[in-house]
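Residue-level listing of the chains:
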Amino acid sequence: MKADLIVGIQWGDEGKGKIVDRLACEYDMVCRSQGGHNAGHTIWVDGVKYALHLIPSGVLNPKAINVVGNGVVLSPESIIKEMAQFEGLEGRLFISDKAHLNLSYHAMIDQARERLKGDKAIGTTGKGIGPAYADKINRIGHRVGELLNPAKLCSSIMNYFEQNRDIFDILEIKTPNKEELLEELEGYRVKFAPFITDTTQMLWRALDEENKRVLLEGAQGTMLDIDHGTYPYVTSSSTVSAGACTGLGINSKDIGKVTGIVKAYCTRVGNGPFPSEDLGEDGKRLGKQGHEFGTTTGRARRCGWFDAVACRYASRLNGCDELALMKLDVLDGFSEVKICVAYELDGVEIDYLPQNLEDVKPIYKSFKGWSGSAGVRKFEDLPKEAQEYVRVIEEITKTKVGIISTSPEREDTIIL
Ligand code: GDP
Ligand code: IMO
Ligand code: MG
């Protein structure tokens, strides 16, 4: 069967983890295809919170197999901490031998470069994502499969340190010595050997079976895509649906339903243009009601109104069959809610994203607010104005809404 895909439509943190977890019971396999532990996917089940960074959000479903694909940059240190939360992962978690390693020096390079950029900093998560992907593209990276031969990997990394000594010196980064590195890598071999495999073959076998269902879990969001996002204020991977193919070794015909995840408003962590950001009381209130603090870094997220121009763009880029509209409950209690329906650029109204997105002004349409959507599980039980808001979003973004979420809890979800 074809694989269904969950993809972030805004600047990340839309609620992908909640939806993947909610849907996972219907799937046999859940796969991550890109990103690394910059991702923070939160799941709440019966009042218990789980924060996942590298392990796919299918892990709470005992029946689903979880795959970390070749397009991911894997921090062994980070995933080991995550793995400690769960028992019996052997046979339920598989990591691609082709995924690239994101080691501690990548994070040090990331943080040092951000410091040097000063007020031009991207506002990365500081997790080494950019440097790890840069090594991959420069063909000087190291892959997860190499962990199976620590001595060989160790000498290859020591060579890499020597060849890049000037960079480490300029950034004042102390690299480990051979003995320290070998000990670390030996530990990883013991830990990861049961999990490393050719995940592409696994995925092909599942896709070729008539009754096996596969769900692909995007990380970050479309507006953070390396090509199609707000460059250079983006992450370093292909976050759009097309990226899931290279990140797992499947082809575009293997993709079935694409669900774009959007908040009923907008947030962004880190720097870069955000046309519908609200720096006034409404933005503060959205942040407070939505508990908008990063799962990975704890940073306060910038908040603003739903941007229909960006959503329409992202929906087309990803080929969304439907949207999942998240956090509708966060708009409860506003007397008026707004949607950015177009931009103004140099006095002219436009309905697309220009290169100089930082220069546009949002054009809003206002709608009557509502109360009482929190925890609602049936569309007809939503306040009339909230129902109307959903219909307006469908109309302006030209994409139907297939899922509505009204609280962090798994079951507070309306499937239309
Ligand atoms: P992800 O990175 O896309 O998985 O999203 P995050 O987990 O980083 O951020 C989404 C946050 O919103 C998490 O704290 C979720 O628990 C929470 N959340 C998800 N859906 C809803 C919802 O419908 N209502 C509310 N109030 N919170 C939600
Ligand atoms: P999930 O999967 C929100 C942002 C960072 C920064 C930019 C580059 O939880 O939605 P990076 O560390 O990737 O080089 O940072 O991208 N960013 C995210 N923002 N959610 C995420 O992931 C993010 N992953 C990276 O804040 O602006
Ligand atoms: Mg997140």
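Residues numbered from 1 in each chain as written. Chains lettered and ligands numbered in written order. Predicted model: local features only at pLDDT ≥ 70, side-chain atom pairs only at ≥ 80, totals over all residues. Heavy atoms only, no water.

(A) How the structure looks around the coordination of the magnesium ion (ligand 3). For the magnesium ion (ligand 3), every protein donor is listed as D13 (OD) and G40 (O), and the spread of their distances is 2.0 to 2.2 Å. With D13 in the loop between β1 (3-8) and α1 (16-24) and G40 in the loop between β2 (29-32) and β3 (41-45), the pair connects residues that are 27 residues apart, well separated along the chain. Accessibility expressed as a relative area gives 23% for D13, which makes it partly exposed. (Donors = N, O, S within 2.8 Å, 3.2 Å for Na, K, Ca; no water. Helix = DSSP H or I, 4+ residues; strand = E, 2+ residues; numbered from the N terminus. Buried < 20%, exposed > 50% of the residue type's maximum accessible area, 1.4 Å probe, protein only.)

(B) Structural view of the sheet that holds β1. The 10 strands are arranged β9-β7-β5-β2-β10-β1-β11-β15-β19-β20 in an open sheet whose pairing can be described as mixed. Two strands lie at the open edges of the sheet, namely β9 (196-197) and β20 (413-415), each paired on one side alone. Relative to strand β10 (residues 214-217), β1 runs parallel, the two sharing 4 bridges. Within β10, the position partnered with D4 by the bridge is L215. Here α1 sits on the sheet and contacts β1, β2, β10, β11 (255-263), β15 (322-326), β19 (401-405) and β20; the angle it forms with β1, its principal contact strand, is near 160 degrees. (Pairing = 2+ DSSP bridges. Contact = heavy atoms within 4.5 Å. Axes fitted to C-alpha atoms, helices over the stretch in contact; angles between N-to-C directions.)

(C) Main features of the site of ligand 2. Taken together, 20 residues form the shell around ligand 2, and within it D13, K16, H41, T125 and T235 come nearest. The separation between an oxygen atom of ligand 2 and a polar side-chain atom of N38 is 2.9 Å. At 3.0 Å from an oxygen atom of ligand 2 is found a side-chain nitrogen or oxygen belonging to R299. Across the complex, the protein chains shield 98% of the 550 Å² of accessible surface that ligand 2 would expose by itself. A class-by-class count of the residues in the shell around ligand 2 yields 7 nonpolar, 10 polar and 3 charged. (Near = heavy atom within 4 Å. Polar contact = N/O pair within 3.5 Å; in protein donor to acceptor, adjacent residues only side chain to side chain. Areas by Shrake-Rupley, 256 points an atom, 1.4 Å probe, with all protein chains shown as cover. Nonpolar A, V, L, I, M, F, W, Y, C, P; charged D, E, K, R; others polar.)

(D) The arrangement of the packing of helix α3 (residues 104-117) against helix α4 (residues 129-137) in detail. Following both chains from N to C, one finds α3 and α4 inclined at 115 degrees, their axes separated by 7 Å at the closest point. By the criterion of interaxial angle, the relationship of α3 to α4 is roughly perpendicular. Crossing geometry of α3 relative to α4 is assigned as right-handed. Residues H106, I109 and D110 of α3 form the contact with α4, whose own contacting residues are I129, P131, A132 and D135. Here the contact of α3 with α4 is built from residues that sort into 4 nonpolar, 1 polar and 2 charged. (Parallel < 35°, antiparallel > 145°, perpendicular 65-115°, else oblique. Left-handed = near helix turned anticlockwise from the far one by under 90°.)

In short, the description is geometric, and any link to function would need to be established separately.
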